[in-house]
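A structural walkthrough
What follows is each chain in one-letter form.
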Amino acid sequence: METGAVEAGAVEAGAVEAAVVPARAAGPVDVPVRNRAVEGLRGYGLIVAMWVRSTMTYRTSFLLSTFGNAAITLLDFVAIWIMFSHVDVLGGFTLPEIALLYGSSSASLGLADLLLGNTDRIGVRIRDGSLDTMLVRPVPVLAQVAADRFALRRIGRIGQGLAVLCWAVSELGVEWTAGKVLLVPVMVLAGAAIFGAVMVTGAAFQFVAGDAAEVQNSFTYGGNTMLQYPPTVFAKDLLRGVTFVLPLAFVNWLPALYVLGRPYPLGLPGWVAFVSPLVAVLVFVPASLAWRAGLRSYRSTGS
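Residues numbered from 1 in each chain as written. Predicted model: local features only at pLDDT ≥ 70, side-chain atom pairs only at ≥ 80, totals over all residues. Heavy atoms only, no water.

1. Concerning the packing of aromatic side chains
For the structure shown, the criterion picks out eight aromatic pairs. Between phenylalanine 77 and tryptophan 81, the ring centres sit 6.0 Å apart and the planes meet at 75 degrees, which makes this aromatic pair edge-to-face. Taken together, the positions of phenylalanine 77 and tryptophan 81, both in helix α3 (residues 59-83) and four residues apart, correspond to about one turn of that helix. On the accessibility criterion, tryptophan 81 (45% relative accessible area) is partly exposed. Grouped by ring-pair contacts, the aromatic residues Phe77, Trp81, Tyr102 and Trp167 constitute a single cluster. The lysine or arginine in question, arginine 262, covers the ring of phenylalanine 93, its NZ or CZ lying 4.3 Å from the ring centre. (Phe/Tyr/Trp six-rings, centres within 6.5 Å; stacked < 30°, edge-to-face > 60°. Helix = DSSP H or I, 4+ residues; strand = E, 2+ residues; numbered from the N terminus. Buried < 20%, exposed > 50% of the residue type's maximum accessible area, 1.4 Å probe, protein only. Lys NZ or Arg CZ within 6 Å of the ring centre and 35° of its normal.)

2. Thoughts on helix α11 (residues 236-245)
Listed in full, the buried residues belonging to α11 are Leu239, Val242 and Thr243. Down the axis of α11, the buried side of the element spans an arc of 100 degrees, and every buried residue falls inside it. Facing away from the buried side of α11 by more than 90 degrees, the exposed set consists of Asp237, Phe244 and Val245. (Arc of directions from axis to C-beta.)

Here's what the structure looks like:
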């Protein structure tokens, strides 16, 4: 059934491309950065809409695959739940506290995976030469790569992550303030942006490595697994690395510890819990520069 959906989406590809051509053809060759960003978002939205329409052609298949995606990812939390049937705390954290970490990290990764998850396929396109087709289209390449084969079923991971997060919030015995309430959704959105920056950086690396999707996944999915557990169970050298080098700690550890009223093992001040959005912006700068450098270094396969 999914093959039919792909074919249906491919039929509409010409209409989407025709819709975005005038945006570039009517303007100068060297368009401002702001205009390129607007073009990229518009092209991304059109391509995503195409794949969503093709997906919804087979709604039963979509519902089953979405439910399956949510159920499979939920097994990670089931394993944690089973663990707590034998212990009361893990690293000094109770089950609802770890559920806060799990739910926020899973929802953040799910959102980033939905919007940018297909960037890990850039290595395949480099090898088979299909990236050349994207280079001649009037839409930024990153927008095309990210939106290509947009998998709406990935909302299953987001849904189950948010469900666990809501359960954790209802079970936590913390004193909720306006700052803590606001920090929870900000934590999820900023975490998604940080994961997205890691995905773009990994995609840029594949221009050099040829195909390093597993390397990219080790930092995204592997990082997500690490963030589901309290930082107190990890060595301080690892904590320094994911705080000051690859700032995954800002995805959920630092904001969540502030919500729980717990200190960070490295002794950072409490206000760092609120800088996750700034960190997300800062990590996207080198990620975008790396992507542009990788794209400039690309040499066609000639096929």
